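# Structural description and commentary
Chain by chain, the residues:
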Amino acid sequence: MTSRKQIWLLVVVVLVTGFVLARTILRHPTASNLILTYIKNNTDYMIQALRAPPSTTSTPTNDVVTTTTTPTGRFSTLQKRPTTNSFGGNTTPKKRPTTNSFGGNTTPNKRPTTNSLGGNKRWTGGSKKQIPVILFSTWNYDKEKTEIRANVLHTWGSWRPSIFPHLYTDDDKIKKQAKSHGWGFQSNTKTTCGGVPILREMFRRAMETYDSVLYGFVNGDILLGHGLLKSLEAVIKMPFVRTEPVMVIFRRINVNFMNRAPVHDVTNISQIAEQGRLMTDGSSDGFFTNRLFPWDHVPDIVIGRLGVAMWMVSFAREMGAHVIDITDTTTAVHMSTRGGNAESWKYKTRGCNHIIYNKLNVKPKSWYCGFSFCAAYKTVEVTRGNVTEVKVFDKRKENSIRCSECNMNLKPLINTIF
């Protein structure tokens, strides 16, 4: 009797407690909705799991067909353990990207389709090659410079794969020569000033074609010695190269190349340079820039005409780019022929660039602003024990007061995308 009373009392307590809890929950719609949804979902899971029989499928693994049972119904959406291969690894992991000989990723950017000459048929749409430095130039046939061009094709081609040479030309014979030396090539980009390639467009097209850290234009009559690679490697190590605009410049050494033997080995370039003289003005014969350089705001200036080098350096400095002079660690020999060391003056269109500067009113206050001496940085050789390496040195405190004579009117350039 006592036990029955205790049982009934327990039942009453449970019912009263349940009633109180239910009443409390019903007064809070959010809590009641969550509980009802939970009950409904679990009921659906159970009913569908009971109604749906397991399905049997055959899956080939390592040429052996194995039978597996796959759950159906709502339970089939639950996360499955990955299938493992014979090595205990996952058969469907994320694939590691395939790397090329430069250590760059060949996927997802596919290598561009090449034509019969080895050139690319399609240069846009993300087709890029992973290469550390791109070095390009442009020329068409010139009988007087045949040997000069051959020297450049041989020596620049020896820089691969660290530095990849590329040529812009409309001459099919020269394209074949470039191909035979391992160069990339394309037809000329947009031209002006009587058919001269626009500097900005060459850089744009190189950046569309190749994925690189630095892109450089150098005149097609320049031999570059071993110091180039070490200098550019030192530049690439600088942290700002991947976060801020950069321009790398150098001055040349003029050497008379009339009736000289061919040059096919870069190791001889330092000896050849000893027979020449370093350019005394601040003009540069080449520019290397990164992807962050503001090429979109550079007007239609062309190479091989007056005023391009010093204007470009002035523009870079005024736009806040880090300008680095590698002259002290890079041997650059200008192979002088009958045209001498001031060939730009012989063209009737020599003033093309200055016409643009005057029209836009974008000349610096003084051309001294564009001298290589005014670069914020320079490369120097540092020897420790038996090891000599190239370092980038900040020399802004050493620069002449005249380096501040820029005051370019940047408004017409900043407000325009060319």
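See the structure shown above.
This structure is a prediction, so every number in the text was calculated from the model and none was measured. (Residues numbered from 1 in each chain as written. Predicted model: local features only at pLDDT ≥ 70, side-chain atom pairs only at ≥ 80, totals over all residues. Heavy atoms only, no water.)

## Topic: the sheet that holds strand E14 (residues 277–278)
If you walk across this open sheet you meet the four strands as E11-E17-E13-E14, and the pairing is mixed. Sheet topology places strand E11 (222–224) and E14 at the edges, where each strand pairs with a single neighbour. Taken together, the four bridges between strand E13 (residues 253–256) and strand E17 (residues 332–336) define a ladder with parallel strand orientation. Looking at E17, one finds that Val 255 is bridged to Met 335. Helix-sheet contacts for helix H3 (residues 146–157) involve E11 and E17, and the interaxial angle to E11 is about 25°. (Pairing = 2+ DSSP bridges. Helix = DSSP H or I, 4+ residues; strand = E, 2+ residues; numbered from the N terminus. Contact = heavy atoms within 4.5 Å. Axes fitted to C-alpha atoms, helices over the stretch in contact; angles between N-to-C directions.)

## Examining the pattern of salt bridges
By the definition in use, this model includes nine salt bridges. Arg 204 is the partner of Asp 296 in a salt bridge, and the nearest nitrogen-oxygen pair spans 3.0 Å. Highlighted residues: Asp 296 in the loop between strand E15 (286–289) and helix H8 (308–318) and Arg 204 in helix H5 (residues 199–209), separated in sequence by 92 residues. Close ionic contact of Asp 394 with Arg 396 constitutes a salt bridge, the shortest N to O distance being 2.5 Å. (Salt bridge = Lys/Arg side-chain N within 4 Å of Asp/Glu carboxyl O.)

## A few points about the sheet that holds strand E19 (residues 387–394)
The strand order across the open sheet built from nine strands is E6-E5-E4-E10-E15-E12-E16-E18-E19, with neighbouring strands paired in mixed fashion. Looking at strand neighbours, the two that pair on one side only are strand E6 (184–186) and E19, the edges of this open sheet. On average, each strand axis in the sheet is tilted by 25° relative to the strand beside it, whichever way the strands run. Relative to strand E18 (residues 377–384), strand E16 (residues 322–325) is paired through two bridges, and the arrangement is parallel. Bridging from a neighbouring strand, Ile 324 pairs with Tyr 377 of E18. The strands touched by H3 are strand E4 (133–138), strand E5 (163–168) and strand E10 (214–218); relative to E4, the strand with the most contacts, the crossing angle is about 175°. Contacts between helix H6 (residues 227–236) and the sheet are confined to E4, E5, E10, strand E12 (246–249), E15, E16, E18 and E19, with E19 contributing the most and set at about 50° to the helix.

## Some thoughts on helix H9 (residues 352–360)
Since the α-helix turns once every 3.6 residues, residues separated by three or four places project in the same direction. All buried positions along H9 are accounted for by Cys 352, Asn 353, Ile 356 and Tyr 357. In a view along the axis of H9, the buried residues occupy a sector of 140°, so they form one face of it. Opposite the buried face of H9, by more than 90 degrees, sit the exposed residues Ile 355 and Lys 359. On its buried side, H9 packs onto H8. (Buried < 20%, exposed > 50% of the residue type's maximum accessible area, 1.4 Å probe, protein only. Arc of directions from axis to C-beta.)

## Quick notes on the state of the cysteines
Note on terminology: a disulfide is the covalent bond linking the sulfur atoms of two cysteines. Considering all chains together, one arrives at three disulfides under this definition. What pairs with Cys 369 in a disulfide is Cys 406, and their sulfur atoms sit 1.9 Å apart. Of note, the bridge from Cys 369 to Cys 406 carries an S-S torsion of about 95° and is right-handed in sense. Highlighted residues: Cys 369 in the loop between H9 and E18 and Cys 406 in the loop between E19 and helix H10 (411–414), separated in sequence by 37 residues. Two residues, Cys 374 and Cys 403, share a disulfide whose sulfurs are 2.1 Å apart. As the torsion about the S-S bond is roughly -80°, the Cys 374-Cys 403 disulfide counts as left-handed. Placement of Cys 374 in the loop between H9 and E18 and of Cys 403 in the loop between E19 and H10 is noted, with a sequence separation of 29 residues between them. Exposure remark for Cys 374: the relative accessible area of 1% places this residue in the buried category. (Disulfide = S-S within 2.5 Å.)

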